[in-house]
Structures are given as C-alpha cells and as structure tokens.
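Report on the structure
What follows is each chain in one-letter form.
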Amino acid sequence: MATRQSAALDRKKLLADPIMVTTIVVLITFLTLFILYPLAVLLVDSVYGKETGLTMDIFKRIFAMKSFRTAITNTLKVGFAVGIFSTILGLLFAYVEVYVKVHSKFMGGLFQVVSMLPVVSPPFVLSLSMIMLFGKAGIITRYLLKIYDNSVYGFWGITIVQTLTFFPVCYMMLKGLLKNIDPSLEEAARDMGASRFRVFADVTWPLILPGLGNAFLVTFIESIADFANPMIIGGSYDTLATTIYLQITGAYDKEGAAAMAVVLLAITLAMYLVQKYILEAKTAATLTGKASRARMLIEDKSVTVPLTIVCSLIALFVIMMYICVPFGALFNTWGYDFSLTTKWFVRVFEKYKGFKAFRDSFLLSLASAPITALLSMIISYLVVKRKFKAKGFIEFVSMLAMAVPGTVLGIGYIRGFVNGVFGTGFLSGIYGSAAILIIVFVVRSLPTGTRSGISALRQIDKSIEESAYDMGADSFRVFMTVTLPLIKDSFLSGLVTAFVRSITAISAIILLVTPQFLLITVQINEFAEKGSYGIACAFATILIVITYGSVLLMNLFIKYFGTSRKLKEVD
Amino acid sequence: MAKEKKGVILEHISKIYQDPKTGKDFYAVKDTSLEITPGSFVTLLGPSGCGKTTTLRMIAGFESPDEGEIYLGGEPINALTPNKRDTAMVFQSYALLPHYNIFDNVAYGLKLRKMDKATIKEKVTRILKLVGLEGMESRMTNQLSGGQQQRVALARALVLEPGVLLFDEPLSNLDAKLRVTMRTEIRRIQQEAGITAIYVTHDQSEAMALSDQIIIMEKGVVAQIGSPQEIYYHPASEFVADFIGEANFLKGNLSAKDGNGGIVTVEGHKVPVVGVSELPEGKECTLVLRPESAVLADSGVLPCKVIVSCFMGSYQNYHVMVGDTLVKITDYNPRNKKIYAVGDTAWVAFEKENIHVL
Ligand SMILES: Nc1ncnc2c1ncn2[C@@H]1O[C@H](COP(=O)(O)OP(=O)(O)OP(=O)(O)O)[C@@H](O)[C@H]1O
Ligand SMILES: [Mg+2]
C-alpha cells in the first residue's frame, strides 16, 4: 500500500496556499508565545534557579507556609460550595423554564435579565452590593434588622456572591441540556404510572447527571479562578488567587508566587481535563438527537406556584443587588445619609482622573475586541472546516486558556516577559506597554469566542464553502466572502463579548498594569479595598452603563443588519 | 460555448478512511481505474455507501487519493487544490451562497477569474436564460423553489465552462415530475455545451435515461462499465443484474456446447442459450432472466407451478416455482393469452436471446 499518499497530497495542497500557511504559522506562534510559554516559564521558575539548579526547595518553602496551606483548603471549600449551590440554583431555573408552564411575560423577562447580567457586569459588583446591603453599614442588616455588627466577610460572603455570579452559567448550560431530552421518554414513564417525582428521579435525573457534573466543574473552576470577589469580600479569608497576588505585590516573592501559581493551575487544569474529556463526552452520549416534539408543560398549581415564587424571589434578589450599585454612587454617605448627590461622580472625574481611566480602559478593550473576534473566528474556521496536522494543537491550546486562572496568566507574563523571552531581552519591550495589556485581553477572551465560533460554524453546511472553493476561490477568499459573512452575527457578538470581557477584566491585568495606564476595574478594586464605596460605586456604575450599552447596541445592530434577519425573513 | 473538452482518467485510485467507531482503516474506494472520454456523460451508480461521492470528491479535489493518480485532460492533478482544477461541481444540497442573490451566486466564479463587468453580466444573463431563470437575478436564494435553486446551482457550474462537470445526486431532493424535467434539461445543456459530465445517482432510471456510459460500483470497487443496454442485458455479475432492474437467477450446468450456443441444464431441464463461447463445457453457471423477458404458457422451456398470480392493471405479476427456484414473471397483455391461477402448472417460455449466462 502506498501508505497515506493522501496525507502527503493534503500537505502539498496546504503548502500551495501561502495565506493559509502564514495564518497557521502566526497562530501557532501566538498561542505558543502567549499561552504555553508563560505557563512553562512558571513551571521552570518554580523548580529551577540559576544558583540552585533543579530543586524542589521553592515548593517545600511555600508548602511550609501555613497561610498557603490554609489558602488551598479555603479555595477548595469555597469552590466546592459554590459549585454545588450554583448547580442547584441553575437546575432549578432551567427546570422551571423548560418544564413548568409560566404564563407571565414578567417571568420571561426576569429569566432573561438573570441570564444576561453576569455577562455584562463587572466581576465585583455583587461583592460591593453585598457589603452595602448586609455589611456593618448595610441597609438591610443595620436599618431593617437592626444588627450592628454583621460581618459579610469570609467564607459565606464569597460563597454567596460567587454563587449568585456563576449560577446563570449553570442555568444556561442545563437549559440546553433539558431542552434536548426527548419528552416521550418521560411521558412513557408517566404513562406506566410513575409519579412526577419518580419520573424526575428515574428518567430525567440519570439523563442529566453528567451534565450536572459538567456544570459543577465549570463553576468550580470559575470560583477557584475568581480574583475580584475574594479580594473585596474575602476579608482575612484568603484564597489561592488572592494569596498569589499578595505574595507578588506584598512580599515581592516572585519564585514563591510562581510556585503557588503552578499549584493553582494544576488544580484547575485537572478539573478542566475531567470536565472536557470525560463529562462532556458523557453528556453528549446520553443525550443524542433533538427532542422530537414539544413537551407537555407542567400546569399543576401545587408545582408551578411554589417554583415560580422561589425563582422570582431569587431573580429579584439578584437584580436588587445589581441595582444597589448605582444607588451607592448617588447617596451622600451610604448607611448614614441617604440624600441624593452627584458628588461621587464629580469626584471620580475631578479628583481621581476618571476620564483617563475610562479612556484607557475603553481604548485598550476596543483595540483588543476585533483582534479577539477575528482570531477566534479564524481558529474556529480552521478547526471546523480544514484538516491539517497542527489543528489539534491549535484547538487544544486556545481552549486551554479557559482553564488558566487570570492570576496565573498574569504571573506567567511577569516572569516570562520582564526580561524578554527566556531572559534574552527579545520582546522585553512589550512589558509595561499597551501591547501586553491588549494581548492579555485577547488571550482571556479567546476561549469564549472560539467556542461560540465553533458552534456557529458547525451549523453551516460544509458544501457551501466547498462550492466556493470549487469555483476557484482560495482559502482566504472563501473565508472572507463566504465564511465570515455567514457567521456575521456570531462575529459581532464575539466582538462585543470580547469588548465587555476585556473592559471588566481584572485578575490578570491588575498584575501587569503599570502606572502609565489607569483601568476602571483596578480603580474600583482600589477604592473598594479602601472602603470608599461611593467612589467605587460611581466607577462601577459608569462601567455597567458602558457594557450594557454596548450589548444593547449590538442587539440592535444584529436585529437590523444581521445576516440571520436577511436570511430568515422569507422563510 | 465550451472551450476544450477534457477527459478524465482514474488510474488505480484508492481512498482509505478510518472507521470512526473501530478506528480501523477501510477502503471507501479500491483500485478503481476509469477512462472517461471527452464530452461524454457518465453516471456513477451503486448502492448507498459504495464510494460514489468519494470518487467525485477526489476528482474535484476535496479528498486526496491514497493510491493512484487522476488525470484531467491528460494532466495529472493529484496535487492541485480544488480551486485550481478545471472542474465544477453541482452539490446535492445545492450549496448556494445564502448571502448572495442569484446573479451574484452565478457571477461568483467569473469574478474570481477577473473578468470585466460587462462580460460577466452578459454571460450570467445568457446562462440564466438557458436554465429558464431570466428575470430572477435579484432574488435571494431562499426565495426560490427547490427546482429553481437546483437550476441556479447548475447555471453557476455551467457558466464557468469547466472541462468537467461533476454532479452529486443533484436531483435527489425534487419530486418525481420535476426530476424528469430537470434531467432532460441537464442532458440537453451538457450536449449543447459539449462538456464532459460525471453524474452520481442511485436512481437507475435516471442513469439509464442520461448516460453514454454507466459505471456500477459495489463496496468501493467498479463492478461494471458499459452502455445502458450492455449493463441491462449483459450484466457482468449477479450484483449488477440484481441492482439494475429485476432479475431471476437460475443455477445450472453448461452440459453441451457448440461454438457460441449451448445447452444449460437447470433443475434437470435443458435450456438452450447463446453467448457461452468463453465458458468451458461442464461449468456451473447462472442464467439471468428478466421478469419481462419471459411469459407463462402451456408449453415452453421450463415447467413450473404458480404460487402467486396478481393482476396489476397493465400487466400480470406471477411468482412461480421451477423446482426449488422462485421465478418472477411480469406478463404484459396477458388477456391476449391466458391468465393462470395459483396452483396451476404451466411452462416458463422465453427466447434464448433473452437469457444471459454468467
Ligand atoms: N470522511 C469520512 N470518514 C470516514 N468514512 C467516510 C468518510 N466519508 C465517507 N466515508 C465512508 O466511505 C464509504 C463511501 O462513502 P460515499 O459517501 O462515497 O458513499 P456514496 O456511494 O456516495 O453513498 P450514498 O449513495 O449514500 O451517497 C461509506 O462507507 C462512508 O461511510
Ligand atoms: Mg453520496
């Protein structure tokens, strides 16, 4: 057998396409340099020193620190609790949405708001409002309940805030899952005399179990990687992310921080691998095919009323927490003087260089968004539509970034680029410049963009692109004239998501930003740390307005200029 | 309008795929050699999964062969990408570009060839007229019926005046009536333009009606190549005979031979046959008898017993037993003769020219 002549021919065909080859080479270089290399540097840093050679001393040293060991248990405890609570809440919401007959438009609106809020809001908004509602000067604790020494800081503070932040992710995941269950399976069981509870326990539950595991791990990873909330509401309850941050900014112990980052990365990576390669496959295996027809919704009042009430209350609570922030910026002194004022906003702009902060944040995010969107579309195109050797590598590494906590990436960049690549001085210029901030934004948003790009492209019949190719277009033309126009909506939303994620990012960026740049999120963090909640809220409010505004703008744009409208309107 | 007619040659072509379940390699197409003369209309016919689409995709360049070489107009094209090959494919799913209107869909390939605007406009207008879509230039693809989309796909391929046109079951989504209209149109356009066409289908009447040559494929291997008549009346194997139309198979033994003619003994009865010059005497063989080539009569070649007799309007359908072998017979105009009932004994009668020996 002329073994794999086809592989050789495919390679030849690929090489005949210089734009393709260049793109792939550039991509691989980018991914290697800005994702793999910084992580590798961390690993090397923590086991190898110039004088000491190969050593485990640094690991020994950090594990000897009681604070570090406590941080590990704290992180795992919080992650576990948040994973469980978020999954339960997510399941509740998804179940009500898919199974229960809810008449009101109001409920539909609530659900939509709840699923959208975490996308558009900066990470620490809930921590801020938690403190303002339930803290020492909290409206609810102090004024309604007359408790004067309530502490929201610590385990429960972080757990509650993270749960409320992350459960919408579970809700969206599980909604998709439940919708895919063929109703006839459950009807068959019901038909044979099973009670509604038995049907859930015997049919629905086993089907969604892998999906629940999946949701649990995803939130677990998010919780562990979260930096902003533990920073603000953790108090003395340190997690790994905050400990690493303090280790490098407070103790200036770069090797120690690197080793800690390796530990954190090992945990998230292990979970990510389990989630991606075991649970995702299982989820897909148990739920093949689409539901064949619409489900008979539960109308039984004894079921619908309590479920509806519980969900509404939770949703309203979440919304209230978000609304609390703008008010925090409008009251004279939170907790003492509730007269309205614009002084915080004035102070933000006049005293704290608010304008510069907004301009820097805005411009950097604006620069990174198109790069991210284009990059993720190119990666998705290559992954879904083309075959070549390095494809697996490209897909794996760009998704890997999902499992890398921002803090870890930040430390990796510091160690990897301060003295240039491998200490050679090559690229050392980017450290401290706008370029590295933009790159971090891109890398942080790449997995989400790629993921949505891949699912959008899978919907497009392969033969549409092939036909263009067949008529004489090269890969570049096919991508520009066929692929990109067909996934315009996905591209646009990728653009806005990347922008929003970048302008609200903090964990990696806080380690890399130099005084030359003022970023809103960093400002919020700083003022919240100091206890200047009025200023923090004013910053946060304007940030929410920007992000919410861009999402609205995008939706309008898609509605009027999107491809799907043009293509759908006649059907 | 055609420039140069181009032939296609496949030289020992194989394609190996990996079974996604077992991970084992298997041949989707195995050691296929074909020679398609310039300007002819050739159909690839075979059951589902036999490798028709794979063969077509290798010619178009979407898949690379694992063995062998493909020639287009005498040039080896193995290493050429699809956009560099002088072929145009009409996809089963049409694959129109949904964000372009009809004009832009048809003009897409011409624009890539850097033609000037006036020429493009003229060519597109002419081809749209040819397929009967004049005046629909500005419609979007989803504002067309299936048959119209089909014709856009056809026009888009034809306008490029390719050396070879490739069709992958282009009519499979249409209703029976439209299929007949469209296939006649395809044939007419192909003949007018004199383009070499390779057409994949698993509808045998379509293949019969259109082709100069039919290539029957079975599990990745070419089972027979020939004109429609050759394939129908002189199938090379039981598979081909069974696949094309209906066939009865009678096992026998070539008991006597005289030049081209001979006698085959079936179930103890002597059946005169022709076309056995290549078979040695005494050889086991199979007789292929088309149901419409035989009739039931009071005297004939093989005695039988009727087990099914069914009136179908224009013909009478019989199942009869010749010894242990079931034979199906469709008898047109039986009222001229006699209609047999279940349980009757009778004779299967046919001319020796109507029987094919394998
Ligand atoms: N990309 C692929 N990977 C693995 N196996 C494949 C691939 N494409 C096709 N096959 C297999 O190769 C064989 C031939 O497929 P092909 O599509 O050529 O069949 P076909 O003759 O066109 O059938 P149909 O009439 O159903 O369209 C089938 O067994 C098919 O499952
Ligand atoms: Mg096929």
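Keep in mind that what you see is a predicted model, and the values were worked out from it rather than measured. (Residues numbered from 1 in each chain as written. Chains lettered and ligands numbered in written order. Predicted model: local features only at pLDDT ≥ 70, side-chain atom pairs only at ≥ 80, totals over all residues. Heavy atoms only, no water.)

All names here are of chain A. Together, F80, I84, F85, I88, W156 and I160 make up an exposed nonpolar region whose accessible area comes to about 580 Å². When contributions to the nonpolar patch are tallied by element, the ones reaching two or more residues are helix 4 (66–99) and helix 8 (155–179). Broken down by element, the nonpolar patch gets its largest block of residues, four residues, from helix 4. Look at F80 and you get partly exposed, because its relative accessible area is 46%. (Patch = residues over 30% accessible without salt bridge, like charges linked within 9 Å, V, L, I, M, F, W, Y side chains within 5 Å. Areas by Shrake-Rupley, 256 points an atom, 1.4 Å probe, with all protein chains shown as cover. Salt bridge = Lys/Arg side-chain N within 4 Å of Asp/Glu carboxyl O. Helix = DSSP H or I, 4+ residues; strand = E, 2+ residues; numbered from the N terminus. Buried < 20%, exposed > 50% of the residue type's maximum accessible area, 1.4 Å probe, protein only.)

Let us look at the confidence of the model for chain A. Per-residue confidence for chain A gives a mean pLDDT of 85, with 96% of residues at or over 70. Scored below 50 in pLDDT, residues 565–571 of chain A makes 10 contacts in the model with residues more than four places away or belonging to other chains. (pLDDT = per-residue confidence, 0-100. Contact = heavy atoms within 4.5 Å.)

Listed by partner, the interface residues are 32 residues for chain A and 43 residues for chain B. A buried area of about 3,200 Å², summed over both sides, lies between chain A and chain B, and 54% of it is on carbon and sulfur atoms. Of all residues in chain A, A:K13, A:D470 and A:M471 bury the most surface against chain B, accounting for 24% of the area lost on that side. Between the two partners, chain A and chain B, sit two salt bridges. (Buried area = accessible area lost by both parts, 1.4 Å probe.)

Before going further, it helps to examine the pairing of strand 9 (residues 213–218) of chain B. Residue and element names in this part refer to chain B. Relative to strand 9, strand 3 (residues 41–45) is paired through four bridges, and the arrangement is parallel. In the sheet register, L45 faces strand 9, and the bridge partner there is I216. Relative to strand 10 (residues 221–226), strand 9 runs antiparallel, the two sharing five bridges. By the bridge assignment for strand 10, I215 is matched with I225. Counted between consecutive antiparallel strands, the loop separating strand 9 from strand 10 contains two residues, among which K219 sits at a positive phi close to 45°. (Pairing = 2+ DSSP bridges.)

Next up on the list: the pattern of salt bridges. Residues and elements named next belong to chain B. Counting across every chain of the model gives 23 salt bridges over all chains. Measuring nitrogen to oxygen at the nearest pair gives 3.3 Å for the salt bridge that ties K123 to E161. Highlighted residues: K123 in helix 3 (residues 117–130) and E161 in the loop between helix 4 (146–158) and strand 7 (164–168), separated in sequence by 38 residues. Residue class for K123 comes out buried when judged on its relative accessible area of 16%. You can call E161 buried: its relative accessible area is 13%. The partner of E192 in a salt bridge is R188, with the nearest N and O atoms 3.2 Å apart. Residue E192 and its partner R188 are both found in helix 5 (residues 176–193); the two are separated by four residues, about one turn of the helix.

Glancing now at the site of ligand 1. All names here are of chain B. Ligand 1 sits among 13 residues. The nearest are S48, G49, K52, T53 and T54. Take T54: an N or O atom from its side chain is 2.5 Å from an oxygen atom of ligand 1. At 3.4 Å, a side-chain N or O of E169 approaches an oxygen atom of ligand 1. Within the complex, 64% of the 630 Å² of free accessible area of ligand 1 lies under protein. Secondary-structure elements contributing two or more residues to the shell around ligand 1 are strand 1 (8–18), strand 2 (25–36) and helix 1 (52–60). No other element matches helix 1, which puts three residues into the shell around ligand 1. Residue composition of the shell around ligand 1, by class: four nonpolar, seven polar and two charged. (Near = heavy atom within 4 Å. Polar contact = N/O pair within 3.5 Å; in protein donor to acceptor, adjacent residues only side chain to side chain. Nonpolar A, V, L, I, M, F, W, Y, C, P; charged D, E, K, R; others polar.)

Below, the discussion takes up the packing of aromatic side chains. By convention here, two paired aromatic rings are described through the distance between centres and the angle between planes. One pass over the structure, following the stated rule, counts 34 aromatic pairs over all chains. Residues A:Y95 and A:Y99 carry aromatic rings whose centres are separated by 4.5 Å and whose planes lie at 10° to one another, so their mutual orientation is stacked. Here A:Y95 and its partner A:Y99 are both found in helix 4, four residues apart, which amounts to about one turn of the helix. This pair shows no difference in class: A:Y95 is buried, exactly as A:Y99 is. Relative to B:Y199, the ring of B:F41 lies with its centre 5.5 Å away and its plane at 40°, an arrangement referred to as tilted. Of this pair, B:F41 sits in strand 3 while B:Y199 sits in strand 8 (residues 196–201), placing them 158 residues apart in sequence. One exposure class covers both B:F41 and B:Y199, and it is buried. In textbook terms, an aromatic cluster arises when at least three aromatic residues are bridged by ring pairs, as seen for A:F30, A:F34, A:Y37, A:Y413 and A:F417. When the ring centre of A:Y277 is taken as reference, the NZ or CZ atom of A:K276 above it lies at 5.9 Å. When the ring centre of B:Y232 is taken as origin, the NZ or CZ atom of B:R290, which lies over that ring, is 4.0 Å away. (Phe/Tyr/Trp six-rings, centres within 6.5 Å; stacked < 30°, edge-to-face > 60°. Lys NZ or Arg CZ within 6 Å of the ring centre and 35° of its normal.)

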